[in-house]
Amino acid sequence: MSAHNRRVAGHRLPRRDGVGKVTGKHVYAADFKLSGMLYGRVLRSTRAHALIKKIDTSRAAAMAGVRGIITSADIPQIRYGTAVRDTTVFATDRALFMGHAIAAVAATSLEIAERAVAAIEVEYEDLPPLFDPEEALKSDIRIHPDWETYKALPIISRNGNIAGQARIRVGDAEAAFAKAHKVYDHRFSTALQHPGYTEPRVATADWDANGIVTVWCNTQLPFDTQTTLAEILDLPAARVRVTVPGIGGGFGGKLRIGVEHFAALLARKTARPVKVMSTSEEELTAALPRQASIVLLKTAVDKEGHLLARSGRIIVDCGAYAGSGPGTAAIALQVMAGPYKTGALAFESMAVYTNKVHSGSFRAPAGPMANFAMECQIDMIAKDLGLDPLEMRLRNVVKEGDPGPSGETHTSVSIEECLRKAADAIGWHDRNPEPGRGKGIACSWWMTTGGSSGVYVKINPDGSATLVSGAVEIGTGAITGAAQVLAEELSLDLTDINVTGVDTQAAPFDFGAQGSRTTFSVGNACLAAASELRRQMFELAAKQLEAPIEDMKLQDKHVVAGNKSISIAELARISRLAGGGLIAHGTAISPAPAYDPTRVQNHPLPVWNTPSYHAHAVDLSVDQATGKVTINRYVVAQDVGYAINPTYIEGQIEGGVAQGIGQALSEEIVYQDGRVMNANLTDYKMPTAMDVPEIESIIVECRSAAGPYGAKGVGEPPCIEPPAAIGNAIAAATGCWPNSLPMTAEKIVAAMQKQHS
């Protein structure tokens, strides 16, 4: 069916969860309360690296209203983690960063819990800290002296303070460098960035009489949280129930367990429900920010600007625990290759332990960091060769059928179209319309994360459908997109689809709201469920209409065969009386494409599923005296495969660009001697509505073979290119690149002064 003929998919329809959220009736995890509930608070380390000699909880325990205190001595010594199982609930014998959890208290009020935390006495013996990942690579100090005893995924390569190391090798890079017309070598750095979600991490836990713990929380991955909690609590996973009332944003910062384990342990200790919610200070000192990184990039070109070879290293500061660091660092290698044909590649990634907060999987992990380096260097090379930066990109971008960095085949390629549309929209022909004003462009590619999804779909007696999924709606409209697919396939209206909340006890498995995959994967599962429901309805209708199944189709909420028809509602009623109702289960998983395993080493994500292509262009002005940047226009051309709901895609693009502007110009968790210096939302500078320009979205549709109706992942790409596009525009306006994020006014002024001197 043509996209133009679809009734529901492809249309700008209101979100199924929209009314509850704009009227304030939607219950978020932070709103959740239980009768008799206690309040939990966490004592956190004031030392960056220290032995814990003694913890004295006696004064706190004696306080009126305190119902329970736990430390590492009260719980099993279990290590957990995604790639490396190096993480513990509390610091055991060592505090590894300022903010490391030492103990937790449950009390009858939050105020009493806070006073009790302050009354706990901890005796430390300081150890030499490591704050710089490059220093950590050279140091004999081990942040995890027992790292060799930790379990890890077999693919992960570790050594000393390196939590994960991966490589991509293509061709003979050294030979290409030797015969190149020119070779360029640059260093870039990026800072820690908080995901910036509205609702802090929060969990309420309660144990029932059968020993089953229920946790109401705002996780993006309910099933991963269930599994991790089961490990920590030493329970079968079936005895852990995770449910998500509502989530006020995630952006990858709520993929891994945050405060759920504290709530569950305190609830078990006190035999009362316990709620734990992070403070703003904890969010900036002990949550899961985007990793800081250092990117070293070397590129060889011929006289015409063709890329002959690239080599480089990305060092990701994963903090005190590996977290998502090994995977994030490895993904950067594909981003560094970019959507470009390059004769040879020699890339290496390192995720390195330091005595700072452990980091997570912030939206498009590693994407902005690696793209900032790669795309700024393209402009630097173009300037040196006297080429237009757009023309240099067009000479090198991949075409349909070209090999990717892992030897996979690029398909549904649209990068040239994206570049040309973004350039045309920004007015590329006039890059410097006035002094101090310049235009920049950047492009990239990105995956649609795999992992399986399952859905249950039930047809109700009124002909509506109930969709049960294990995927969380994190504010993107992704579940509405999946519901549009289901409605389309069943000839229903979107308002006929009822979407339930997520409960691991009742919902089928889903890999989670991550990696630009929810509409893509849940939508595919809805296609499978709808196919099964059509089979059930056609078989039932064949008896009622006395017509052959092969003549049947769904049309306007009816099964139609020639001039005969019966409503879906009537079929549901008949089925309930005779067969238990119309119920289907749909599942989906997108298999990884073929690739050349000899090109990749120790890479946990060696090849990308259903990649998308995109380009950003920006027009900005730089105050030559103060370095202040004013963005005049911002344009995004993004290939989404098929726009299931253009409004929500534009929302994703606008939100991603806003986050990218923050990373580019102002956001940084500032450390000094192991202490976060801006642990509040006044000094941590996220952009406001006043700082974000109107963002022009150009939706490009180059159908994929795997997504519903040809859709590709949408959510992560918009935050990848802003730092590079803005950096290149700053260079066009000032003649110099600040090679370090964020590109603050101070850095821009310093770069201009250095250039002039």
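Residues numbered from 1 in each chain as written. Predicted model: local features only at pLDDT ≥ 70, side-chain atom pairs only at ≥ 80, totals over all residues. Heavy atoms only, no water.

K.L.:
Provide a residue-level description of the UniProt feature "domain: Aldehyde oxidase/xanthine dehydrogenase a/b hammerhead" (unreviewed entry) in the protein, including the pertinent values.
P.N.:
The UniProt record annotates "domain: Aldehyde oxidase/xanthine dehydrogenase a/b hammerhead" (unreviewed entry) at residues 23-128. Counting secondary structure, residues 23-128 comes out at 13% helix and 33% strand; the distance between its end C-alpha atoms is 52 Å. (UniProt positions renumbered as here; feature names shortened; annotations may be inferred. Helix = DSSP H or I, 4+ residues; strand = E, 2+ residues; numbered from the N terminus.)

K.L.:
Just give me the short version of unusual backbone geometry, but keep the residues and values in it.
P.N.:
In this structure, the amide linkage connecting Leu741 to the following residue, Pro742, adopts the cis form with an omega of -5°. With respect to the helices and strands, the residue Pro742 is situated in the loop between α17 (722-734) and α18 (745-756). One non-glycine residue, Ala364, lies in the positive phi region at around 55°. With respect to the helices and strands, Ala364 occurs in the loop between β15 (344-353) and α10 (367-385). You can call Ala364 buried: its relative accessible area is 0%. Phi at Lys557 takes a positive value of approximately 70°, unusual for a residue other than glycine. Mapped onto the fold, Lys557 is located in the loop between β21 (552-555) and β22 (558-561). (Buried < 20%, exposed > 50% of the residue type's maximum accessible area, 1.4 Å probe, protein only.)

K.L.:
Quick one: what's the story with the side chain of Gln291, residue by residue and with numbers?
P.N.:
Summarising the element assignment, Gln291 is placed in the loop between α8 (280-286) and β13 (292-301). Using a relative accessible area of 1% as the deciding quantity, one classes Gln291 as buried. Among the polar contacts made by the side chain of Gln291, one reaches the main-chain carbonyl oxygen of Gly360 at a distance of 2.8 Å. In this structure Gln291 touches Thr190, Ala191, Leu192, Val316, Asp317, Cys318, Ser324, Gly325, Thr328, Ser359, Gly360 and Met369, once residues within four positions along its chain are discounted. (Polar contact = N/O pair within 3.5 Å; in protein donor to acceptor, adjacent residues only side chain to side chain. Contact = heavy atoms within 4.5 Å.)

K.L.:
A description of the pattern of salt bridges should follow, citing residues and the corresponding values.
P.N.:
The tally for this structure, following the rule as stated, stands at 38 salt bridges. Note that Asp224 is salt-bridged to Arg256, the shortest N-O span being 3.4 Å. Of this pair, Asp224 sits in helix α6 (residues 222-233) while Arg256 is found in the loop between β11 (240-244) and α7 (260-270), placing the two residues 32 residues apart along the sequence. Classification of Asp224 as partly exposed rests on a relative accessible area of 28%. (Salt bridge = Lys/Arg side-chain N within 4 Å of Asp/Glu carboxyl O.)

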